[in-house]
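Structural overview
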Amino acid sequence: MLHRFSISRMDLLVGAVNAVIVLTWTFAQWVLHVRDTQGLNEDLAWAMMFVSVAVLFFRSAFPLTVALVSMAATIVYYPASSTDGPMLMAFVIALYTLAALGRIAAAAVIAGLVFLIVVISEYLAGFAHMTASETLMLSGWIIAVPAIGAVVAHYRRYRAETEVALAETQLRSVAEERLRIARELHDAVGHHLSLINVQTSAALRKLRKDPLYRTEETLQVIAETSRSSLRELRAMVGVLREPGEDSPTGPGPSLEQLPLLVDAARASGLEVELRVDGRAVLPVAVDAAAYRVVQESLTNVLRHAKAQRVQIKVVTGTSTLAVAVLDDGVGDGKGAKGPGNGLTGMRERAESLGGTFNAGPRGDGGFSVEATWPLEVDK
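Residues numbered from 1 in each chain as written. Predicted model: local features only at pLDDT ≥ 70, side-chain atom pairs only at ≥ 80, totals over all residues. Heavy atoms only, no water.

**What about the UniProt feature "transmembrane region" (unreviewed entry) in the chain?**
Per the UniProt annotation, the sites labelled "transmembrane region" (unreviewed entry) are residues 12–32, 44–77, 89–118 and 138–155. Segment residues 12–32 splits into 100% helix and 0% strand. End C-alpha atoms: 30 Å apart. Its end C-alpha atoms 7 Å apart, residues 44–77 is made of 79% helix and 0% strand. (UniProt positions renumbered as here; feature names shortened; annotations may be inferred. Helix = DSSP H or I, 4+ residues; strand = E, 2+ residues; numbered from the N terminus.)

Quick look at the structure:
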């Protein structure tokens, strides 16, 4: 199976610039300077130079192969050539590329090997081509190139990991927002539809018993409940609009709206007692969560509990907010089809803000829902 690869524009540019510099510089030295070529092999030197220049175009596709070929061509070139052209530049670029693409160990081994070859060969030749200090300086650059490439490789890896983490965070935020909207729709729309269902069923029963029964008051309550449901639905769906679109505005869910909630429940025939102790400016998230817990509790009472009386207690202390909804019904808080989103959603609303949640049958009959929140959370 053939290895598929492509040459990027950057590889073409780097390869072309290297070729122009190496070939032009070497040719100019070869023409302008008369050199003693005895014992040298100029043909071999030129061949090695062309090989080193050509393979650099494939540095990203085959980084290790290019680095090894460049190293071998460089080692052969200088002893065989009468000119000290910048052939080393191709090897330096290949070595940097190998390290920058993550092959740091291979780049370090190649650099160490070249370092030993340069130092040992110059030492055996009595530093005939370079002084000892020049040899060490050249070797230092060869060692430094993989280190620079390693820094670049670590930076690229860090940037890639950061982008992945950011994408995961964004996906998690989207999922959390979808869950929040689902809870709001369940709590708000479910509550209002339950009220409408109870009120409509009651009106139908009265009409069967008394065909002359006047339903105007019941229909007015149903109409107001429907309008409230639509307002909340528009407000929640507004967050899904495209940027720049106008969205409906209105007050968010708050304990200040409990009297309206209680009036709607009473209109359905339920006897509701509301007791509020303490006044405080509550954190917006806590205020909304407490309202939704009361709303969902009333919804469960209307749909499942067969209760006659409900007591709602809201106690605001110096450091906590406590909410309790107690009924005298026969339900277990689950409904006819087993556990649903109601109790789970209420628990999540409490615990997500550092609060607690308890729900279950009361010892003297009925069902209780109790939730508390700390008031130190951010508003």
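**Considerations on the nonpolar core**
Core analysis: the biggest nonpolar cluster contains 34 residues, and Leu255, Leu270, Val294, Leu298, Ile312, Leu321 and Trp373 have the highest contact counts within it. Where this core is concerned, the elements lending two or more residues are helix H8 (258–267), helix H9 (284–305), strand E2 (309–316), strand E3 (320–327), helix H10 (341–351) and strand E5 (367–374). With nine residues, the top contributor of residues to this core is H9. Contacts of Leu255, omitting those with residues within four sequence positions, involve Leu282, Asp287, Ala290, Tyr291, Val314 and Leu321. (Core = buried A, V, L, I, M, F, W, Y, C linked by side-chain atoms within 4.5 Å. Buried < 20%, exposed > 50% of the residue type's maximum accessible area, 1.4 Å probe, protein only. Contact = heavy atoms within 4.5 Å.)

**Thoughts on helix H3 (residues 63–80)**
Between its first and last C-alpha, H3 extends 26 Å over 18 residues, near the 26 Å set by a 1.5 Å rise per residue. Buried residues of H3: Pro63, Val66, Ala67, Ser70, Met71, Ala73, Thr74, Tyr77 and Ala80, and no others. (Expected span 1.5 Å × (residues − 1).)

**Thoughts on the pattern of salt bridges**
By the definition in use, this model includes six salt bridges. Arg266 serves as the salt-bridge partner of Asp263, at 3.9 Å between the closest nitrogen and oxygen. Residue Asp263 and its partner Arg266 are located together in helix H8, separated by three residues, close to a single helical turn. A single network of salt bridges, built from pairs that share partners, joins Glu271, Glu273 and Arg309. (Salt bridge = Lys/Arg side-chain N within 4 Å of Asp/Glu carboxyl O.)

**What to know about the environment of Asp277**
Structurally, Asp277 is set in strand E1 (residues 271–277). On the basis of relative accessibility, which here comes to 31%, the residue Asp277 falls in the partly exposed class. C-alpha separation for the pair Asp277 and Thr316, spaced 39 residues apart in sequence, amounts to 6.2 Å. In contact with Asp277, not counting residues within four places along its chain, are Val314, Val315 and Thr316. In terms of polar contacts, Asp277 uses its side chain to reach the side chain of Arg275, at 3.3 Å. (Polar contact = N/O pair within 3.5 Å; in protein donor to acceptor, adjacent residues only side chain to side chain.)

**A short note on the confidence of the model for the chain**
Of the residues in the chain, 73% have a pLDDT of 70 or more, and the chain-wide mean is 77. The low-confidence segment residues 335–340, where pLDDT is below 50, has four contacts with residues more than four positions distant or belonging to other chains. (pLDDT = per-residue confidence, 0-100.)

**Topic: the side chain of Asp327**
Topologically, Asp327 is positioned in strand E3. There is no salt bridge for the buried Asp327, and the closest opposite charge comes from Arg362, which lies 6.0 Å off by N-O distance. A polar atom in the side chain of Asp327 sits 2.8 Å from the backbone nitrogen of Gly329. (Lys, Arg positive; Asp, Glu negative; His and termini not counted.)

**Concerning a positive patch on the surface**
Taken together, the side chains of Arg205, Lys206, Arg208 and Lys209 make up a positively charged region of the molecular surface. By secondary structure assignment, the location of Lys209 is in helix H6 (residues 132–209). (Patch = residues over 30% accessible without salt bridge, like charges linked within 9 Å, V, L, I, M, F, W, Y side chains within 5 Å. Areas by Shrake-Rupley, 256 points an atom, 1.4 Å probe, with all protein chains shown as cover. Charge placed at Lys NZ, Arg CZ, Asp CG, Glu CD.)

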